[in-house]
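Results of the structural survey
Residue strings, one per chain:
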2 protein chains.
Amino acid sequence: MLFADQGAQPMMGRLLAHLLICDPPHQSSADLAEALQASAGSISTLTRQLLAMGMIQKAVVPGSRATFFRLTPGMWVDLMRQRNGSLRAVREAADRGLRALAHRPTEQLDRLREFRDFYLFLEGEMPRLLDAWLARRQETPR
Amino acid sequence: MLFADQGAQPMMGRLLAHLLICDPPHQSSADLAEALQASAGSISTLTRQLLAMGMIQKAVVPGSRATFFRLTPGMWVDLMRQRNGSLRAVREAADRGLRALAHRPTEQLDRLREFRDFYLFLEGEMPRLLDAWLARRQETPR
DNA sequence: TTTCGGATTCAGAACATACTGAAACTTCGA
DNA sequence: TCGAAGTTTCAGTATGTTCTGAATCCGAAA
């Protein structure tokens, strides 16, 4: 499964893919290491990163000392919301550029202004789109 | 200008940023090499790639043998359209996964199905969003 | 306190990427 | 046909990234 997880290292993609289909849905570090044929070190690093991003959660399983992990429900939507932050970063950079070049004749700035406006548009519309998705999910019977 | 051009090497980001603000808007290879302090080899490779992606165009300037380049008008929208292709790739991979696991009890597939549905939603809505942007651009007086 | 299952850290190996510089090539005018 | 301007190609270098393995750490049970 070619998981082109933008900005994720290959093993992180495999880890997420596994958590998407594994049975049961929660897995211990050892389970993951075994399933992905990865070192314990890798798993530790990756789970720490994914926890920090909020993409996975810890789960406790009675009778086992080990830590278990599962996908955070609704994480894909959250992920897209986070990505909106990088749209904003680009838009803000464009704004700084426009401010810095304010002394130039206006038609020279058309290109940069259009770029900025486009990103501003996306930045504003993406949250709407995600809300629309959540609303649709809500009304669909499971 | 921190150009976090997803999937573009640093120098490509700088090249695009330069074409966004340079005066005049078309630049020769030598101009670019000079402005970015890059080797002629880099410029050649990068312009070839950007041409292939349709993000820049060649321009002829009378009286000069050199090739000039300028940003393709409307390229940012096109870029987003292309990115829709990677949404589709992910969605298709999820579909293959669902087909391969069709024998499993349905509730085990909930996670993967929701993932697929979300990407399918985005894949369908993004083009609408871009059309909405173009329509708005149209009616705005330049 | 010791022991042991389990987790974490990090130096280093293997691999991948981005760019340069120099040589080869193309094109056009003389 | 020659020469010069301009461009392309590519081997090599520098730099980054990803993962492993071994040492270390932590905490619970004995």
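Counting starts from 1 at the beginning of each chain's written sequence and moves along it residue by residue. By the order in which they are written, chains take letters starting at A while ligands take numbers starting at 1. It should be noted that, the model being predicted, local features are given only for residues of pLDDT at least 70 and side-chain atom pairs only at 80 or more, the latter also being counted only at that level, while totals for whole chains, interfaces and linings use all residues. Hydrogens and water are ignored here; the side-chain numbers use all heavy atoms of the structure.

With respect to the overall build of chain A
For clarity, the cut-off: Numbering of helices and strands runs from the N terminus; a helix is a DSSP stretch of H or I covering at least four residues, while a strand is a stretch of E covering at least two. In this setup the radius of gyration rests on C-alpha atoms only. A globule is expected at 2.2 Å times the number of residues raised to 0.38. The contact criterion used is simple: two residues touch if any of their non-hydrogen atoms lie within 4.5 Å. Residue exposure ignores everything except the shown protein chains as possible cover, and the areas themselves are Shrake-Rupley values with a 1.4 Å probe. For the purpose of charge, His is not counted, nor are the chain termini; Lys and Arg are scored as positive and Asp and Glu as negative. Charged groups are reduced to one reference atom each: NZ for lysine, CZ for arginine, CG for aspartic acid, CD for glutamic acid.
Counting its secondary structure elements, chain A contains five helices and three strands. Relative to the compact-globule value of 14 Å for 142 residues, chain A shows a C-alpha radius of gyration of 21 Å, a clear excess of over 25%. The principal-axis extent of the C-alpha atoms belonging to chain A is close to 70 × 40 × 25 Å. Once local pairs closer than 6 in sequence are excluded, the contacts in chain A between residues at least 24 apart make up 52%. Carbon and sulfur atoms form 53% of the exposed surface of chain A, whose accessible area is close to 8,000 Å². Within chain A, one finds 19 positive and 15 negative side-chain charges whose respective centroids are separated by 5 Å.

A word on the domain arrangement of chain A
All names here are of chain A. The condition is simple: Domain limits in this description derive from either an automatic procedure or a database domain assignment. Salt bridge, as used here, is a side-chain nitrogen of Lys or Arg placed within 4 Å of a carboxyl oxygen of Asp or Glu. We call two N or O atoms a polar contact when they sit within 3.5 Å, provided that within protein one can donate a hydrogen and the other can accept it, with sequence-adjacent residues counted only if both atoms are side-chain atoms. Residue classes follow a fixed rule: Ala, Val, Leu, Ile, Met, Phe, Trp, Tyr, Cys and Pro count as nonpolar, while Asp, Glu, Lys and Arg count as charged, and any other residue, Gly among them, counts as polar.
As far as domains go, chain A holds domain 1 (10-71) and domain 2 (75-139). With centres defined by C-alpha atoms, the gap from domain 1 to domain 2 works out at 33 Å. On the side of domain 2, four residues touch domain 1, which itself brings four residues to the contact. Between domain 1 and domain 2 we count zero salt bridges in total. Where domain 1 meets domain 2, there are zero residue pairs in polar contact (both at pLDDT 80 or more). Across the side of domain 1 that touches domain 2, the residue classes tally to four nonpolar, no polar and no charged.

Topic: the sheet that holds strand 2 (residues 56-59) of chain B
All names here are of chain B. Selection criterion: At least two DSSP bridges between two strands are needed for those strands to be called paired. Lines fitted to C-alpha atoms define the axes, with helix axes restricted to the stretch in contact, and inter-axis angles between N-to-C directions lie between 0 and 180 degrees.
The three strands lie next to each other as 1-3-2, forming an open sheet whose pairing is antiparallel. Here the strands that pair on one side only, and so sit at the sheet edges, are strand 1 (27-28) and strand 2. Across four bridges, strand 2 lies against strand 3 (residues 68-71) in antiparallel orientation. When the bridges of strand 3 are listed, Gln57 appears paired with Arg70. Where helix 3 (residues 40-53) meets the sheet, its contacts fall on strand 2 and strand 3, and the angle it forms with strand 2 comes to roughly 110°.

Some details on the protein's contact with DNA strand D
In plain terms, the rule: Definition of nearness: a residue and a molecule or strand are near each other if at least one heavy atom of the residue lies within 4 Å of the molecule or strand.
With respect to spatial proximity, 17 residues lie near DNA strand D, and among them Met11(A), Ser39(A), Ser42(A), Ser44(B) and Thr67(B) are the closest. The sugar-phosphate portion of DNA strand D accounts for 69% of its atoms within 4 Å of the protein, the bases making up the rest. A distance of 3.3 Å separates a base nitrogen of DNA strand D from a polar atom in the side chain of Arg65(A). One nitrogen or oxygen atom from the side chain of Arg48(B) is found 3.4 Å from a phosphate oxygen belonging to DNA strand D. Secondary-structure elements contributing two or more residues to the surface near DNA strand D are helix 1 (10-21) and helix 3 (40-53) of chain A together with helix 3 of chain B. With four residues, the top contributor of residues to the surface near DNA strand D is helix 3 of chain B. Class assignment for the residues of the surface near DNA strand D results in five nonpolar, nine polar and three charged.

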